[in-house]
Amino acid sequence: MASIKFGTRQGRGVKGDQRRGIALHLVLIVGLLLSVFPFYWAVVMSTHTSTEIFSYPPKLLPGSHFDDNLGKLFDNVDFFGSMFNSLLVAVSVTFLVLFFDSLAAFVFAKFHFPGRRALFALMMAIFMVPAQLQAIPQFVIMAKLGWIGSMTALIVPAAANAFGIFWMRQYMKSAIHDELLDASKIDGASFLRQYWHVALPVVRPGLAFLGIFTFMGQWNDYAWPLIALTNPDNVTLQVALSQLNGVHGTTDYGMVMTGAVLALIPLLIVFAIGAKQIIADLGKGAIR
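Residues numbered from 1 in each chain as written. Predicted model: local features only at pLDDT ≥ 70, side-chain atom pairs only at ≥ 80, totals over all residues. Heavy atoms only, no water.

1. What to know about the overall build of the chain
Now for step 1: When helices and strands are counted, the chain shows 14 helices and zero strands.
Now for step 2: The order of helices and strands in the chain, counted from the N terminus, is α-α-α-α-α-α-α-α-α-α-α-α-α-α.
Now for step 3: Counting the 288 residues in the chain, one finds 34% classified as buried.
Now for step 4: Sequence separation of at least 24 residues holds for 73% of the intrachain contacts in the chain that already meet a minimum separation of 6.
Now for step 5: When the accessible surface of the chain is totalled, it reaches about 17800 Å², and 69% of it is carbon and sulfur. (Helix = DSSP H or I, 4+ residues; strand = E, 2+ residues; numbered from the N terminus. Buried < 20%, exposed > 50% of the residue type's maximum accessible area, 1.4 Å probe, protein only. Contact = heavy atoms within 4.5 Å. Areas by Shrake-Rupley, 256 points an atom, 1.4 Å probe, with all protein chains shown as cover.)

2. A look at the pattern of salt bridges
Where charged atoms from two side chains of opposite charge approach closely, those side chains can pair.
Now for step 1: Counted according to the given criterion, the structure contains two salt bridges.
Now for step 2: The salt bridge involving Asp252 is made with Lys72; its shortest N-O contact spans 2.6 Å. In this pair, Asp252 sits in the loop between helix H13 (237-242) and helix H14 (253-287) while Lys72 sits in helix H3 (residues 66-76), placing the two residues 180 residues apart along the sequence.
Now for step 3: The salt bridge partner of Asp178 is Lys110, with a shortest N-O separation of 3.3 Å. Of this pair, Asp178 sits in helix H9 (residues 178-186) while Lys110 sits in helix H4 (residues 79-110), and the two are 68 residues apart along the sequence.
Now for step 4: With a relative accessible area of 44%, Asp178 lands in the partly exposed category. (Salt bridge = Lys/Arg side-chain N within 4 Å of Asp/Glu carboxyl O.)

3. Side note on the side chain of Ser50
Now for step 1: Within the fold, Ser50 resides in helix H2 (residues 50-53).
Now for step 2: Judged by relative accessible area, which is 19%, Ser50 ranks as buried.
Now for step 3: Beyond its immediate chain neighbours, meaning those up to four positions away, Ser50 contacts Thr251, Asp252, Tyr253 and Gly254.

4. Observations regarding the side chain of Ser46
Now for step 1: Along the chain, the position of Ser46 falls in the loop between helix H1 (2-45) and H2.
Now for step 2: Taking the relative accessible area as the measure of exposure, Ser46 reaches 1% and is therefore buried.
Now for step 3: Once you skip the residues sitting within four places of it in the chain, Ser46 turns out to touch His65, Phe66, Asn69, Gly254, Met257, Thr258 and Val261.

5. Observations regarding a nonpolar patch on the surface
Now for step 1: Among the surface-exposed residues, Leu32, Val36, Phe37, Tyr40, Leu60 and Leu61 lie close enough to one another that they form a single nonpolar patch of about 590 Å² accessible area.
Now for step 2: Counting through the fold element by element, Tyr40 comes out in helix H1. (Patch = residues over 30% accessible without salt bridge, like charges linked within 9 Å, V, L, I, M, F, W, Y side chains within 5 Å.)

6. Structural notes on unusual backbone geometry
Now for step 1: The peptide bond linking Tyr56 to Pro57 adopts the cis configuration, its omega dihedral lying at 0°.
Now for step 2: Turning to its location among the elements, Pro57 is positioned in the loop between H2 and H3.

7. Some thoughts on the nonpolar core
Now for step 1: Residues Phe106, Leu154, Met168, Met172, Ile176 and Val203 are the most contacted members of the largest nonpolar core, which totals 28 residues.
Now for step 2: Elements with a contribution of two residues or more to this core: H4, helix H7 (152-155), helix H8 (162-175), helix H10 (191-202), helix H11 (204-220) and helix H12 (223-228).
Now for step 3: For this core, the element with the highest residue contribution is H4, accounting for seven residues.
Now for step 4: Those residues in contact with Leu154 that lie beyond four places of it in its chain are Val89, Val93, Gln218, Trp224, Pro225, Ala228, Leu229 and Thr236.
Now for step 5: In this structure, Phe79, Met83, Ala90 and Leu262 belong to the second largest nonpolar core, which totals 16 residues. (Core = buried A, V, L, I, M, F, W, Y, C linked by side-chain atoms within 4.5 Å.)

Following this line, the structure appears as structure tokens:
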């Protein structure tokens, strides 16, 4: 009798785990659908005219006007030229941020020097300053340097940031063990060799996240490029797409959504590459 009761309880436990697993998967599926629907809706709207977009009931299936919206988009803005400008800025800033922020974070995390805490506190105070308050002094500095109107005004001020240094410092403090650095010192490794051959291979997941975060921030940035790029023919993609609002006195939402959908493609590619890198490096770390 005891064995039968035990088997019954065990069977109930297995069924309970299966039910919880099914419920969890249902919740995840619902969350996935809610997350994907805005992207799907944007694609659907890019295939319809403005009249069809605002029709009732709303159209949930793709239409047949994508080619027309695409042609009107290319006629109204220099899409590929502005996309190239955005790629130039986003890629340049991402690589500079990954280098300078990780280098500064390595120093803050693993080396002791006079004034380290004061410098880190000052950096965190700068981190608390809203970006809107930095726009005017930043514009004055760029104007005195003669960089207003060029991509340099977008790249150089964003080459390092307090968030990236803080994020990488916190990551390095736990990921890089002091024994690794001590062993590299015994082998005669210089500071740069310690940074390049010891620190960077260990913190690749952190760098991948910072790279995705930085690229997305620069790609979607609108306010500062609008201020700094005074030449309307030399703008980034977000500024160019904003010019589509109110073209010819009205807004063609099908054309606008077509531009928005095309602007999402580089972000999806970067996110896919970065997420794959994060998962692969985390898996290697677990095996080690």
